[in-house]
Amino acid sequence: MQIDVRGEVCPYPMLKAVEAMKRLKGGDEIVVITDHAPCLETIPPQAIRYGYDCVIDQTGYPEWTLRLRPKVSAK
Amino acid sequence: MGIVAAAGTQGALMRTLPWQRVAGAVVVLASVVIALAMSPGDPRLPYLWVFGLAAGFTLQRSRFCFASAFRDLYLFGSGRIMKGILVGVAVATLGFAVVMRNAVPFPGFGALPPEAHILPVGVTTILGGLLFGVGMVLAGGCISGSLFRSAEGYVGSWVAIAGAVIGLGAMSQTWNWWWSVALAAEPKLWLPALFNLGYGGAVILTLAAAIAAYVLIVWWEARSGVPTVKAIADLLPDDTVGQRLRATAQRVFVNGWSPIVGGAVLGGLNILMYSVHMPWGVTGELSRWANSLMTSVGAAPPVALGLSAIGGCAARASEVSGVFSHTFAVTVGLIAGALAAALFANEFKLRFPRTARRYYQSLAGGLLMGYGAGLAIGCTIGAFFSSIASLSVSGWLFGAALFGGALLGTKLIQRIA
């Protein structure tokens, strides 16, 4: 599942990521695309909270892709 | 765009897209020229300009957003930035006490230190804080937050600032009514002059309250189940001096700073500003823009009753003519500093809100913030951060009202997703 939140500011990128993690319940990978740097500090702790690993790739200046992958142990 | 760099690749960021870095250097050069142009008028202005630049740089680097500090406690149980604010308040309190003691050695005799942000305490403090709290959450940033976001290229924040200027203008037109019904009778409560506390007692009381608030936030985070993220030690082969220096530059100019570091630096800068002239505040300049705009279209606001007897940046809006002033140096300096920081970090980008709804949200939030800041004679910086450090009771009451307003605002934005 892909969430493109470019142009959105806090708290919407994080709200949408959390909403997706709650809905998918660790069933699928979630890809968040953002150009809002604060997301790099706010989304990872929420990912851990909902049983996801978070891998960040810088894909532009400024643009990042956050891959939220369900932890196996969380299920 | 479209350049792909693996996360954390040392040096890769330094090589690509140099235009932002070049533009950043141009901003720094222009800032030096402005500093030189300022010095003949008032020798204090270049210093204030530099402190304003540094504050903007720090706000951008540590992503020091007061709106999220309040909002995220409700939304996600996260107290990251609020903890940074408390550290900043503690640092500023210690320095402010020294500056105030030089001005007023014996606080029990009734004199208040000039320039300190000791503001009226009453219904206007609470109402101003509520309006401001709702507004900042709705707009996605308080005044200082919207100023540094504007510099980063967020078009929604430009709209929020425009809204705040209109709100402050509306306050200038209605100030005298508020003065006659409430403000004139509200006391200015200064801790060192209360209950024989003196400076020592007032500082200890303020620090104890800040520590108690910090503990309360840690409890709140634990209760909400927010995980503590352990710092990952980057074991990089920092072989040469050059590589080590490059890694250090990366940490300062590219990676975000911790909010605790940001808060402490901002607390220190606030002390420097006060020791040169007066504590940090950012709404005064916006108020000045509103008043001169209204004057230019023949709708000049009436002379504000009682405002000159009150400290705080918003109270200074009407007294300076010309472009360069204290408020210009600090507020426009903040924008320039944040712009330079964003450019050096390759984080500048024009970002347009994706839906029309966000523009209305920013405008409405800005209006509420502007009117609230006018009523409370300051924003999260002037009436909260600088006011608590001035050992004023108003700062704590305004902060409590901000919590109330932010709760309302959070309920509101959850409905407009």
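Residues numbered from 1 in each chain as written. Chains lettered and ligands numbered in written order. Predicted model: local features only at pLDDT ≥ 70, side-chain atom pairs only at ≥ 80, totals over all residues.

## So, the overall build of chain B
Here comes step 1: A count of helical and extended segments in chain B gives 16 helices and zero strands.
Here comes step 2: Taking the principal axes of its C-alpha atoms as reference, chain B extends roughly 65 × 50 × 50 Å.
Here comes step 3: A buried classification covers 52% of the 417 residues belonging to chain B.
Here comes step 4: Counting only contacts in chain B whose residues sit at least 6 apart along the sequence, the fraction spanning at least 24 positions is 84%. (Helix = DSSP H or I, 4+ residues; strand = E, 2+ residues; numbered from the N terminus. Buried ≥ 20, exposed ≤ 12 C-beta atoms within 10 Å, placed from the backbone. Contact = placed C-beta atoms within 7 Å.)

## Section: the overall build of chain A
Here comes step 1: From N to C terminus, chain A includes two helices and four strands.
Here comes step 2: The linear arrangement of helices and strands in chain A, starting from the amino end, is β-α-β-α-β-β.
Here comes step 3: Taken against the 2.2 N^0.38 rule, which gives 11 Å for 75 residues, the C-alpha radius of gyration of chain A at 11 Å falls within 12% of a compact globule.
Here comes step 4: Counting only residues that meet the buried cut, chain A has 39% of its 75 residues in that class.
Here comes step 5: Contacts in chain A between residues far apart in sequence, at least 24 positions, make up 55% of those at least 6 positions apart. (Rg over C-alpha atoms; globule rule 2.2 N^0.38 Å.)

## A word on the pairing of strand β3 (residues 52-60) of chain A
Residues and elements named next belong to chain A.
Here comes step 1: Of the pairings in the sheet, the one linking β3 to strand β4 (residues 63-70) comprises eight bridges and is antiparallel in character. Opposite D57, over in β4, you have T65 as the bridge partner.
Here comes step 2: Remark: two residues form the turn of the hairpin made by β3 and β4, two consecutive strands paired antiparallel. (Pairing = 2+ DSSP bridges.)

## Some details on the packing of helix α6 (residues 123-139) of chain B against helix α16 (residues 393-415) of chain B
Residues and elements named next belong to chain B.
Here comes step 1: Orientation of α6 relative to α16, taken along the N-to-C sense of each, is 40°, at an axis distance of 6 Å. Looking at the two axes, α6 sits oblique to α16. Judged by the sense of rotation from one axis to the other, the crossing of α6 with α16 is right-handed.
Here comes step 2: By residue class, the composition of the contact of α6 with α16 is 16 nonpolar, nine polar and no charged. (Axes fitted to C-alpha atoms, helices over the stretch in contact; angles between N-to-C directions. Parallel < 35°, antiparallel > 145°, perpendicular 65-115°, else oblique. Left-handed = near helix turned anticlockwise from the far one by under 90°. Nonpolar A, V, L, I, M, F, W, Y, C, P; charged D, E, K, R; others polar.)

## Considering the confidence of the model for chain A
Do not read the fine detail of predicted coordinates wherever pLDDT is low.
Here comes step 1: Confidence in the prediction for chain A averages 86 pLDDT; 96% of positions are at 70 or higher.
Here comes step 2: No element of chain A has a lower mean pLDDT than helix α2 (residues 39-49) of chain A, which averages 87, and none a higher one than strand β2 (residues 30-34) of chain A, which averages 93. (pLDDT = per-residue confidence, 0-100.)

## Remarks on the sheet that holds β3(A)
All names here are of chain A.
Here comes step 1: Read across the sheet, four strands follow the order β1-β2-β4-β3 without closing on themselves; strand pairing throughout is mixed. With one partner strand each, in any of the chains shown, β1 (2-4) and β3 form the two edges of the open sheet. Between one strand axis and the next, the sheet turns by 15° as a mean value, whatever way the strands run.
Here comes step 2: Against the sheet, helix α1 (residues 12-24) makes contact with β1, β2, β3 and β4, and its axis sits at roughly 175° relative to β2, the strand it touches most.

## Description of the environment of B:G108
Residues and elements named next belong to chain B.
Here comes step 1: Note that G108 resides in the loop between α5 (80-103) and α6.
Here comes step 2: Once the C-alpha coordinates of G108 and V137 are considered, the two residues, 29 residues apart in sequence, prove to be 39 Å apart.
Here comes step 3: If we ignore the near neighbours within four places in the chain, the residues touching G108 are A193 and N196.

## Some points on the environment of B:P105
Residue and element names in this part refer to chain B.
Here comes step 1: Mapped onto the fold, P105 is located in the loop between α5 and α6.
Here comes step 2: For P105, a count of 10 C-beta atoms within 10 Å translates into the label exposed.
Here comes step 3: In this structure, the C-alpha to C-alpha distance between P105 and G198, residues 93 residues apart in sequence, is 9.6 Å.

## Some details on the nonpolar core
Residues and elements named next belong to chain B.
Here comes step 1: If you look at the biggest cluster of nonpolar residues, it comprises 132 residues, and the most contacted ones within it are I143, A338, M369 and F385.
Here comes step 2: Here this core gets 13 residues from one element, more than from any other, and that element is helix α13 (residues 326-344).
Here comes step 3: Those residues in contact with F385 that sit more than four places away from it in its chain are I85, G88, V89, A92, N270, W280 and T380. (Core = buried A, V, L, I, M, F, W, Y, C linked by C-beta atoms within 7 Å.)

## So, the interface of chain A and chain B
Here comes step 1: On the chain B side, the residues contacting the 24 residues of chain A number 32 residues.
Here comes step 2: Sorting the residues of the side of chain A that touches chain B by element identifies α1, α2 and β3 of chain A as the ones contributing at least two each.
Here comes step 3: In terms of residue count, the dominant contributor to the side of chain A that touches chain B is α2(A) (six residues).
Here comes step 4: A breakdown of the residues in the side of chain A that touches chain B according to their chemical character gives 13 nonpolar, five polar and six charged.

## Digging into helix α14 (residues 356-376) of chain B
Residue and element names in this part refer to chain B.
Here comes step 1: A rise of 1.5 Å per residue sets the reference length of α14, with its 21 residues, at 30 Å; its end C-alpha atoms lie 30 Å apart and thus fit the reference within 8%.
Here comes step 2: Of all the 21 residues making up α14, 16 are buried; the element is thus mostly covered by neighbouring parts of the structure.
Here comes step 3: Where α14 terminates, the next one or two residues include I377, which has phi positive at roughly 55°. (Expected span 1.5 Å × (residues − 1).)

## Some thoughts on the packing of α5(B) against helix α9 (residues 198-224) of chain B
How two helices pack is summed up by the angle between their axes together with the distance between the axes.
Residue and element names in this part refer to chain B.
Here comes step 1: The geometry of α5 relative to α9 is characterised by a closest axis approach of 10 Å and an angle of 175° between their N-to-C directions. Between α5 and α9, the angle is such that the two are roughly antiparallel. Residues M82, K83, L86, V89, A90, T93, L94, A97 and R101 of α5 lie in contact with α9, whose contacting residues are Y199, V203, T206, L207, A210, A213, Y214 and I217.

## Examining helix α7 (residues 143-152) of chain B
Residues and elements named next belong to chain B.
Here comes step 1: Within α7, ten of the ten residues are buried, leaving the element largely enclosed by the surrounding structure.
Here comes step 2: Every buried residue of α7 is listed here: I143, S144, G145, S146, L147, F148, R149, S150, A151 and E152.
Here comes step 3: In the segment just after α7, G153 is the residue with positive phi, at about 105°.

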